[in-house]
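Residues per chain are reported as follows:
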Amino acid sequence: MAKWTINYSDRQIGKDGQFYGSLDLTWLPSTILAVQSPDGVTCEIEHGDRATETHTHNEMDVSTSSLSWWSNVATTWQAAYDAEQAAIAEAEAE
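Thresholds, definitions, all that
- Residues numbered from 1 in each chain as written.
- Predicted model: local features only at pLDDT ≥ 70, side-chain atom pairs only at ≥ 80, totals over all residues.
- Heavy atoms only, no water.
- Helix = DSSP H or I, 4+ residues; strand = E, 2+ residues; numbered from the N terminus.
- Phe/Tyr/Trp six-rings, centres within 6.5 Å; stacked < 30°, edge-to-face > 60°.
- Buried < 20%, exposed > 50% of the residue type's maximum accessible area, 1.4 Å probe, protein only.
- Lys NZ or Arg CZ within 6 Å of the ring centre and 35° of its normal.
- Core = buried A, V, L, I, M, F, W, Y, C linked by side-chain atoms within 4.5 Å.
- Contact = heavy atoms within 4.5 Å.
- Pairing = 2+ DSSP bridges.
- Axes fitted to C-alpha atoms, helices over the stretch in contact; angles between N-to-C directions.
- Lys, Arg positive; Asp, Glu negative; His and termini not counted.
- Salt bridge = Lys/Arg side-chain N within 4 Å of Asp/Glu carboxyl O.
- Polar contact = N/O pair within 3.5 Å; in protein donor to acceptor, adjacent residues only side chain to side chain.

**What to know about unusual backbone geometry**
For R11, which is not a glycine, the phi torsion comes out positive at approximately 55 degrees. With respect to the helices and strands, the residue R11 is situated in the loop between β1 (4–7) and β2 (12–15). The phi dihedral of E53 falls on the positive side, at around 55 degrees, and the residue is not glycine. Residue position: E53 is located in the loop between β5 (42–49) and β6 (54–63).

Printed below as a string of structure tokens:
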């Protein structure tokens, strides 16, 4: 299982330590600042105020299958990975 990290303020998603930034994370609920998932099955969610980046509370051991937005995590990361691979292939073809 993959280890996932989401950091809203940096607009980053990491999968197994490979991060992509400047991503569109508008699908992430507005109270979430960060998410850590060691296995893609459970996660810790850090909640707070995005405008001030003030932490309010954490939710521990949340089942990712209970999160309506979780499928966007892998999809968004994969799109960034695919774009990077396409850019590499294009550069090598030149």
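There's more to say after this.
**Observations concerning the packing of aromatic side chains**
Within this structure, the stated rule accounts for five aromatic pairs. Plain terms: the ring middles of W4 and W77 are 6.2 Å apart, the flat faces sit at 85 degrees to each other, and that makes the pair edge-to-face. Of this pair, W4 sits in strand β1 while W77 is found in helix α1 (residues 71–93), placing the two residues 73 residues apart along the sequence. As far as burial versus exposure is concerned, W4 and W77 are alike and both buried. Through a chain of ring-to-ring contacts, three or more aromatic side chains come together here, namely W4, Y20, W77 and Y81. The residue whose ring lies beneath R50 is Y8, and the NZ or CZ to ring-centre distance is 3.5 Å.

**Remarks on the nonpolar core**
I6, I13 and W69 are the most contacted members of the largest nonpolar core, which has 20 residues in total. Within the residue set of this core, elements represented by two or more residues are β1, β4 (32–37), β5 and α1. By residue number, the principal contributor to this core is α1, which donates three residues. Sequence-distant contacts of I13, defined by excluding residues within four places in its chain, comprise W4, T5, I6, Q18, F19, Y20, L23, L25, W27, V73, T76 and W77.

**Comments concerning the sheet that holds β2**
Backbone-to-backbone hydrogen bonds join strands into a sheet, with any given pair of strands oriented parallel or antiparallel. With antiparallel pairing, six strands are arranged side by side in an open sheet as β3-β2-β1-β4-β5-β6. In this open sheet, the two strands that pair with only one neighbour each are β3 (18–20) and β6. Here the strands of the sheet are splayed against their neighbours by 15 degrees on average, with no regard to which way each runs. Sitting on the sheet, α1 is in contact with β1, β2 and β3, with an inclination near 90 degrees to β3.

**Topic: the side chain of R50**
Its place among the elements puts R50 in the loop between β5 and β6. Of the buried charged residues, R50 lacks a salt bridge, with D49 as the closest side chain of opposite charge at 8.1 Å. From its side chain, R50 meets the backbone oxygen of P29 in a polar contact 2.5 Å long. Among the polar contacts made by the side chain of R50, one reaches the main-chain carbonyl oxygen of S30 at a distance of 3.4 Å. When neighbours within four sequence positions are excluded, R50 is seen to be in contact with Y8, L28, P29, S30, I32 and L33.

Worth remembering: the numbers are spatial, not functional.
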